[in-house]
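What follows is each chain in one-letter form.
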Amino acid sequence: MSCVTSPTFPILLNGAPYGSFKSGRGLRQGYPLSPALFIICYQGLSLLMENLELNGLYSGYRINVQSSSISHLMFADDLFFFGKNSDSIADHLKYMLDTYASFSGQIINFMKSSIHFSKGSGNNIRIWHDPWIPGIPGFRPSKLSNSTVDVTRVSDLINHEDKSWNLELLSQVFPQDQVATILNIYIPLDTEIEDKLIWLKTPSGVFFLKFVYKLLMDNTPTSSSEAEFPCKLFWKKIKIQPKIQIFIWKVLHEGLAVYHNLSKFNNQITSACPLCNYEEETIFHLLFECQFSVAVLQESPILIEVLAGSSLRQIIQHWLLYTDQGIMLNLGSCILWNIRKMRNDLVFNNSQPSASQCIQKALQDFKIFDLHNALNCCTNIAVNENNATLWEPPPNCVIKVNVDAAFNHGDAAAAVARDSFGNQQWYNLF
């Protein structure tokens, strides 16, 4: 460290450096050279620790018989030592730290240092009351009906000379299948390790309420359709706006605030569909069964298949697995999104829904998907940006008939009749 000196700082006076002064604070944390200097110094400390262990003057801590010994861990501004609780170990560690301080210039601040000792007699686990055997129901053993051996603590079952299970005693107390399970439990060599019960469902062994919730959710029965839904493929293939992606994810998990779901928490809410005022408004009804939704899907210039008798998840999964570069999935999602928006406009703004307007807005959302992914899937679909030219629904209880004709190498004409919801009542080709 003697080769490291503090810099000097001149002051600019009228544009020219004048005089100088030295920094009195030394190297601080965050200085670019600090990490390299700490690594160089800590390498010397590691070599001193290694020398103590090679000469049998210090013994680190082993997690198990097969693991390497850990004597110390070093961090940016913290240092941890691990060793057995003995006077000789403490003396050798103190001598090593003094040696390190003498050549490095780094002095130990004992006011900010602490020592922690492990405690425990090894007699804290009760055989018949504490859950201590992983792999058997309840984690508690059962006793042989003809056993006359009186044991109360797990330490009674251990040969303390070589830290092994007393197989003969185990066979006199427990059934053979439980004996085999007990023999697989590791006995630590350190007799001063404190006995404690741990929570097996967390990596740290500490009990947290959130892991109980996760455990309950993992054990909640799911239908085959839920278990088989290809979630990873869904997020890979759906490329529309994030707000529509989240909307579809809520649809898949019954997370929309339709009247059927809201009525579960407030019995004052009617569950009738606001679009048709006939059926109960479930998510499936709103998006696939309602007269308005059926009319919107029929308006789509690209085929959006809704398989009869399929559940909501099965329909979206069908779109997902359809071999069309994701067109049906993404356009279908845009249509469902705009059906929901039309429903909300009716409920909150008293705006009458229009099937044609809904499909036009869905196509606009799909155009964004098409441009971002350079698929040019819908370049031949004319999306009219002028709402004034859109098809206007007739008044309630009125049927509107639209006709068109063409004369080119053969005459043709067509007519279609639709109600106020845009539902197709009949069509004809001439």
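In what follows, the structure referred to is the one given above.
Procedures and definitions
Residues numbered from 1 in each chain as written. Predicted model: local features only at pLDDT ≥ 70, side-chain atom pairs only at ≥ 80, totals over all residues. Heavy atoms only, no water. Helix = DSSP H or I, 4+ residues; strand = E, 2+ residues; numbered from the N terminus. Buried < 20%, exposed > 50% of the residue type's maximum accessible area, 1.4 Å probe, protein only. Contact = heavy atoms within 4.5 Å. Areas by Shrake-Rupley, 256 points an atom, 1.4 Å probe, with all protein chains shown as cover. 1 Å grid on protein atoms, 1.4 Å probe; cavity = no way out; pocket = protein on both sides within 12 Å on 5 of 7 lines; lining within 4 Å. Points joined across faces, edges and corners; volume = space filled by probe spheres on them. Phe/Tyr/Trp six-rings, centres within 6.5 Å; stacked < 30°, edge-to-face > 60°. Axes fitted to C-alpha atoms, helices over the stretch in contact; angles between N-to-C directions. Parallel < 35°, antiparallel > 145°, perpendicular 65-115°, else oblique. Nonpolar A, V, L, I, M, F, W, Y, C, P; charged D, E, K, R; others polar. Pairing = 2+ DSSP bridges. Core = buried A, V, L, I, M, F, W, Y, C linked by side-chain atoms within 4.5 Å. Polar contact = N/O pair within 3.5 Å; in protein donor to acceptor, adjacent residues only side chain to side chain. Arc of directions from axis to C-beta.

Draft legend 1. Expanded view of the overall build of the chain. Looking only at helices and strands, the chain has 14 helices and nine strands in total. Taking all 430 residues of the chain together, the buried fraction comes to 32%. Across the chain, every contact between residues at least 6 apart in sequence was considered, and the portion connecting residues at least 24 apart equals 50%. Accessible surface for the chain amounts to roughly 27900 Å². Of this, 56% is attributable to carbon and sulfur atoms.

Draft legend 2. Inspection of unusual backbone geometry at higher detail. Positioned with a positive phi, Phe-139 is a non-glycine residue whose angle comes to about 65°. Inspection of the secondary structure assignment puts Phe-139 in the loop between helix H2 (87-104) and strand E5 (158-159). Backbone geometry places Asn-277, a non-glycine residue, at a positive phi of 55°. Relative to the assigned elements, Asn-277 resides in the loop between helix H9 (259-262) and helix H10 (283-289). According to the relative accessible area criterion, Asn-277 is exposed, its value standing at 60%.

Draft legend 3. Main features of the layout of surface pockets. Its volume calculated, the second largest pocket comes out at about 230 Å³. Looking at the second largest pocket, it is lined by 13 residues, and the ones nearest its centre are Gln-352, Pro-353, Asn-396, Ser-420 and Phe-421.

Draft legend 4. Inspection of the packing of aromatic side chains at higher detail. Applying the stated criterion to the full structure yields 10 aromatic pairs. Arranged with centres 5.8 Å apart and planes meeting at 35°, the rings of Phe-9 and Phe-21 form a pair that is tilted. In this pair, Phe-9 sits in strand E1 (residues 8-13) while Phe-21 sits in strand E2 (residues 16-22), placing the two residues 12 residues apart along the sequence. Given a relative accessible area of 37%, Phe-9 falls into the partly exposed group. Owing to a relative accessible area of 46%, Phe-21 belongs among the partly exposed residues under this scheme. Residues Phe-229 and Phe-234 carry aromatic rings whose centres are separated by 6.1 Å and whose planes lie at 55° to one another, so their mutual orientation is tilted.

Draft legend 5. Region of the structure containing the packing of helix H8 (residues 242-252) against helix H12 (residues 312-321). For the pair H8 and H12, interaxial distance at closest approach is 9 Å and the crossing angle is 140°. As far as their axial angle goes, H12 and H8 are oblique. Of the residues in H12, those touching H8 at Ile-248, Val-251 and Leu-252 are Leu-312, Arg-313 and Ile-316. The residue inventory of the contact of H8 with H12, partitioned by class, reads five nonpolar, no polar and one charged.

Draft legend 6. Structural detail: the pairing of E1. Alignment of E1 against E2, held across five bridges, turns out to be antiparallel. Looking at E2, one finds that Thr-8 is bridged to Lys-22.

Draft legend 7. Structural context of H12. Burial within H12 is extensive, with seven of its 10 residues counted as buried. Those residues of H12 that sit buried are Leu-312, Arg-313, Ile-315, Ile-316, Gln-317, Trp-319 and Leu-320.

Draft legend 8. Just the nonpolar core, in detail. If you look at the biggest cluster of nonpolar residues, it comprises 47 residues, and the most contacted ones within it are Leu-287 and Ile-335. Elements that contribute at least two residues to this core include exactly H8, H10, helix H11 (291-299), H12, helix H13 (327-349) and helix H14 (355-373). Considering each element in turn, this core owes the most residues, 11 residues, to H13.

Draft legend 9. Spatial organisation of the side chain of Ser-71. Looking at the element boundaries, Ser-71 is found in the loop between helix H1 (34-54) and strand E3 (72-74). In terms of polar contacts, Ser-71 uses its side chain to reach the side chain of Glu-53, at 3.5 Å. At 2.7 Å, the side chain of Ser-71 forms a polar contact with the side chain of His-72. The contact partners of Ser-71, leaving out residues within four places of it in the chain, are Met-49, Glu-53, Tyr-58, Gly-60, Phe-80, Phe-81 and Phe-82.

Draft legend 10. H8, seen in detail. Ile-244, Gln-245, Phe-247, Ile-248, Val-251 and Leu-252 are the residues of H8 that are buried. Here the buried residues of H8 occupy an arc of 160° about the axis, which is enough to place them on one side. Backbone geometry just after H8 places Glu-254 at a positive phi near 55°.

Draft legend 11. Expanded view of the pairing of E2. Counting buried positions along E2 gives zero out of seven residues, so the element sits mostly on the surface. Counting the residues between successive antiparallel strands, the hairpin from E1 to E2 contains two residues, one of them, Asn-14, with a positive phi of roughly 55°.

Draft legend 12. Examining the packing of H12 against H13 more closely. For the pair H12 and H13, the least separation of the axes is 7 Å and the interaxial angle reads 140°. If you check the angle between H12 and H13, you find them oblique. For the pair formed by H12 and H13, the contact residues are Ile-316, His-318, Trp-319 and Leu-320 on the first element and Met-328, Leu-329, Gly-332, Ser-333 and Leu-336 on the second. A breakdown of the residues in the contact of H12 with H13 according to their chemical character gives six nonpolar, three polar and no charged.

Draft legend 13. Representation of the environment of Gln-106 in the model. With respect to the secondary-structure elements, Gln-106 resides in the loop between H2 and E5. Residue class for Gln-106 comes out partly exposed when judged on its relative accessible area of 25%. Separated by 65 residues in the primary sequence, Gln-106 and Cys-41 place their C-alpha atoms 9.0 Å from one another.

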